[in-house]
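Descriptive analysis of the structure
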Amino acid sequence: MPGIHLPAPSPLEADVSLADHTDVLDWPFARTEDGDPPPILAELRNAPPCVVRLPAGAAESRLAWLVTRYADVRQALGDPRLSADERLPGAPVRIQVPPGGNPSSFLRLDDPEHARLRRMIQTEFTARRVKRLREPVQRLVDELLDELEALPRPADLHAVFSRALPTLVIARLLGVPEQDSAFFIEKTRVTISQEDPAVSLAAFEEMSEYLAKLALLKLESPGDDLISRLAVNHHAKGAITLDELVGIARLVLVAGHETTTNQIALNILALLRDDDLRAQVAADDGALIPNFIEESMRYWSISQDAMVRLAVEDLELGGVAVSKGDAVVISVPAGNHDESVFACPQRIDPHRDTSGHLQWGFGPHYCQGAPLARLEMELSLRSLLRRFPNLRLAADPRTVFRRGTVFHGVTHLPVTW
């Protein structure tokens, strides 16, 4: 793998069970005022996986191994002995929605069920299909920037642009009426928040009911969209249940909107708070933009603590003996900031070979929507730099971050020009 040098594994620690550990940290950890990953993660990488206490909420509080080194994170993401199936007894819960009889999405399933459902949408995000979206996405970008330019200053770029663009793209891809976009934005926000399990569950169920009704409408009157194709080509033929269809649509909706929205905003924020970085990325007609985007994803690592697994077999992980039934928390930010792999990880280096970053995941759950997200991020950044060369922040950058959510991001992004 270019540019990636994995550290040598450490000797196996004594076989100490989770319950035997007395030095337990409360998880999750808070990011810094500047939005950087929790500093404690750098300290924890100097030792084998530690033990953390998952908070009570949708499930009872429990202990789990926390994985922080790049090599260990990669292993944990791809190891079939660590199950993503949220239906298993004792499965750890991160998003505060109690697991029920049906998984929230195929991301929380293992093969072969995971692979069966994943195949249903694999053609939606091929390079060829995404390439055909380039012109429509560019038109949306231009329209939204026209709206931004017409606003009084300062304006909230996040509300007008970085949140609006992925919302419109994913709504059109799924076949969700644009007038309903505000509904699913709010339900997504509440579902992934950590405010109250009951409130999150209610939002989750409202979103699911909406998508189920929409799928049945598409079955009767299909269009050129993902939900129509799932309904006609798979559900009508008995290949997937309505619950499975809703799970797929819900995953595309939440992942396609929530992660891309915040990554676009953070890409822009990174440039607006560092003039030298901005000059490098804007030079030569934006030649460094694609590499900067990958490096920005590594740096921000917005899937900050959403990865949890359950050991279904005994295994060794990062020098500790993980027993069957143990919970494991996989820290993508910690792996992406591993100094042994990415030198000076706290700095955004647009020249860095960051091809091995873990923001898209690794192994069988690698993000299918990566090509579309890359397209949205590239077109948005190129157009913004070209049309607003004097764009600047109109607020202290430390005040824009949202706190206490599964995915890192911003609440607003005031700018002027």
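Quick look at the structure, then.

Rules used throughout
Residues numbered from 1 in each chain as written. Predicted model: local features only at pLDDT ≥ 70, side-chain atom pairs only at ≥ 80, totals over all residues. Heavy atoms only, no water. Helix = DSSP H or I, 4+ residues; strand = E, 2+ residues; numbered from the N terminus. Rg over C-alpha atoms; globule rule 2.2 N^0.38 Å. Buried < 20%, exposed > 50% of the residue type's maximum accessible area, 1.4 Å probe, protein only. Contact = heavy atoms within 4.5 Å. Areas by Shrake-Rupley, 256 points an atom, 1.4 Å probe, with all protein chains shown as cover. Lys, Arg positive; Asp, Glu negative; His and termini not counted. Charge placed at Lys NZ, Arg CZ, Asp CG, Glu CD. Pairing = 2+ DSSP bridges. Phe/Tyr/Trp six-rings, centres within 6.5 Å; stacked < 30°, edge-to-face > 60°. Axes fitted to C-alpha atoms, helices over the stretch in contact; angles between N-to-C directions. Parallel < 35°, antiparallel > 145°, perpendicular 65-115°, else oblique. Left-handed = near helix turned anticlockwise from the far one by under 90°. Nonpolar A, V, L, I, M, F, W, Y, C, P; charged D, E, K, R; others polar. Salt bridge = Lys/Arg side-chain N within 4 Å of Asp/Glu carboxyl O. 1 Å grid on protein atoms, 1.4 Å probe; cavity = no way out; pocket = protein on both sides within 12 Å on 5 of 7 lines; lining within 4 Å. Points joined across faces, edges and corners; volume = space filled by probe spheres on them.

1. So, the overall build of the protein
Across its full length, the protein carries 15 helices and 11 strands. The C-alpha atoms of the protein give 21 Å as radius of gyration, which agrees with the globular expectation for 417 residues (22 Å, within 12%). Structurally, the protein occupies a C-alpha span of about 65 × 55 × 40 Å along its principal axes. Within the protein, buried positions represent 54% of all 417 residues. Restricting the contact set of the protein to residue pairs at least 6 apart, pairs at least 24 apart contribute 73%. Approximately 17,700 Å² of the protein is accessible, and the part contributed by carbon and sulfur atoms is 53%. Charged side chains in the protein number 44 positive and 58 negative. The centres of these two groups are separated by 5 Å.

2. A look at the sheet that holds strand β11 (residues 414-416)
Ordered in space as β5-β11-β10, the three strands form an open sheet in which the pairing is antiparallel. Taken across any chain shown, the strands that pair with only one partner, and hence form the sheet edges, are β5 (155-156) and β10 (392-393). Across two bridges, the pairing between β10 and β11 is antiparallel. Residue pairing across strands places L393 opposite V415, the latter belonging to β11.

3. A few points about the packing of aromatic side chains
A full pass over the atoms with the stated rule returns five aromatic pairs. Relative to F342, the ring of Y70 lies with its centre 5.8 Å away and its plane at 75°, an arrangement referred to as edge-to-face. Of this pair, Y70 sits in helix α2 (residues 70-78) while F342 sits in the loop between α14 (332-336) and α15 (370-387); the two residues are 272 residues apart in sequence, bridging distant segments of the chain. A residue is classified by how much of its surface remains accessible, and Y70, at 0% relative accessible area, is buried.

4. Here we look at the packing of helix α7 (residues 164-174) against α15
Look at α7 against α15: their axes get within 11 Å of each other, and the N-to-C directions meet at 140°. Of the possible angle classes, the one that applies to α7 and α15 is oblique. The handedness of the crossing between α7 and α15 comes out as right-handed. Of α15, the residues touching α7 (which contributes L165, P166, V169 and L173) are L372, E376 and S380. Here the contact of α7 with α15 is composed, by residue class, of five nonpolar, one polar and one charged.

5. Description of the environment of A327
Looking at the secondary structure, you find A327 in strand β9 (residues 327-330). On the basis of relative accessibility, which here comes to 0%, the residue A327 falls in the buried class. Note: C-alpha distance between A327 and T399 (72 residues apart in sequence) is 34 Å. Those residues in contact with A327 that lie beyond four places of it in its chain are L18, R62, L63, A64, W65, P92, R309 and L310.

6. Considering the pattern of salt bridges
Applying the stated criterion across every chain, the model contains 23 salt bridges. In this structure, R108 engages E86 in a salt bridge whose closest nitrogen and oxygen atoms are separated by 3.8 Å. Taken together, the residues R108 in the loop between β4 (82-83) and α3 (113-119) and E86 in the loop between β4 and α3 connect sequence positions 22 residues apart. For the pair R108 and E86, one class covers both residues: buried. Where R402 meets E258, a salt bridge forms, and the shortest distance between an N and an O atom there is 2.3 Å. Taken as a pair, R402 in the loop between β10 and β11 and E258 in helix α11 (residues 242-272) lie far apart in primary sequence, 144 residues in all. The two residues R402 and E258 agree in class, both being buried. Each of the salt bridges in this network shares a partner with another, and the network as a whole consists of E33, D396 and R398.

7. Considerations on empty space enclosed by the protein
Within the structure shown, the criterion is met by two cavities of 30 Å³ or more. As a volume, the second largest cavity reaches approximately 50 Å³. Lining of the second largest cavity is provided by I268, L271, L272, R278, L381, L384, L385, F388 and L391. Broken down by secondary-structure element, the contributors of at least two residues to the lining of the second largest cavity are α11 and α15. Here the residues of the lining of the second largest cavity sort into eight nonpolar, no polar and one charged.

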